[in-house]
Amino acid sequence: MAIVVRLDVALAKRKMTSRELALQVGISEHYVSILCSGRARGVRFNTLDAICRILGCQPGELLEYMPDAEDHPEDLVVNG
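Residues numbered from 1 in each chain as written. Predicted model: local features only at pLDDT ≥ 70, side-chain atom pairs only at ≥ 80, totals over all residues. Heavy atoms only, no water.

Draft legend 1. Broad picture of the nonpolar core. Of all hydrophobic cores here, the largest spans 18 residues; its most connected members are L7, L11, L21, V32, I51, L55 and L62. Elements that contribute at least two residues to this core include exactly α1 (7-13), α2 (18-25), α3 (29-37) and α4 (45-55). (Core = buried A, V, L, I, M, F, W, Y, C linked by side-chain atoms within 4.5 Å. Buried < 20%, exposed > 50% of the residue type's maximum accessible area, 1.4 Å probe, protein only. Helix = DSSP H or I, 4+ residues; strand = E, 2+ residues; numbered from the N terminus.)

Draft legend 2. Seen up close, α2. For α2, every residue scored as buried is listed here: L21, A22 and V25. The buried residues of α2 occupy one face: seen down the axis, they fall within an arc of 100 degrees. Buried residues along α2 sit in contact with α1, α3 and α4. Just past α2, the residue G26 takes up positive phi, approximately 90 degrees. (Arc of directions from axis to C-beta. Contact = heavy atoms within 4.5 Å.)

Draft legend 3. Here's a closer look at the layout of surface pockets. Taken as a whole, the largest pocket holds about 210 Å³ of empty space. If you trace the largest pocket, you find 14 residues lining it, with V5, L35, A40, V43 and L63 closest to the centre. Listing elements by their share of the lining of the largest pocket, those giving two or more residues are β1 (3-5) and α4. Residues of the lining of the largest pocket, tallied by class, amount to 11 nonpolar, 2 polar and 1 charged. (1 Å grid on protein atoms, 1.4 Å probe; cavity = no way out; pocket = protein on both sides within 12 Å on 5 of 7 lines; lining within 4 Å. Points joined across faces, edges and corners; volume = space filled by probe spheres on them. Nonpolar A, V, L, I, M, F, W, Y, C, P; charged D, E, K, R; others polar.)

Keep in mind these numbers describe shape, not what the thing actually does.
Spelled out as structure tokens, the structure:
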């Protein structure tokens, strides 16, 4: 996937555990784990808003766009 979640990095910078974040946001630790691992298929804006408020960050610190090779086939070099 082209979107990389950096929530684990943001938590580490603030010396906060996923359990603490889950309790403050009002979501399960399991969902925080899914977010940190990049397995989430989406995130509600109100959840993202709460995470940003609690961590004191911008969404761009938590989410990064990294295009896959198949997203830009014109960038691939073809031998032949």
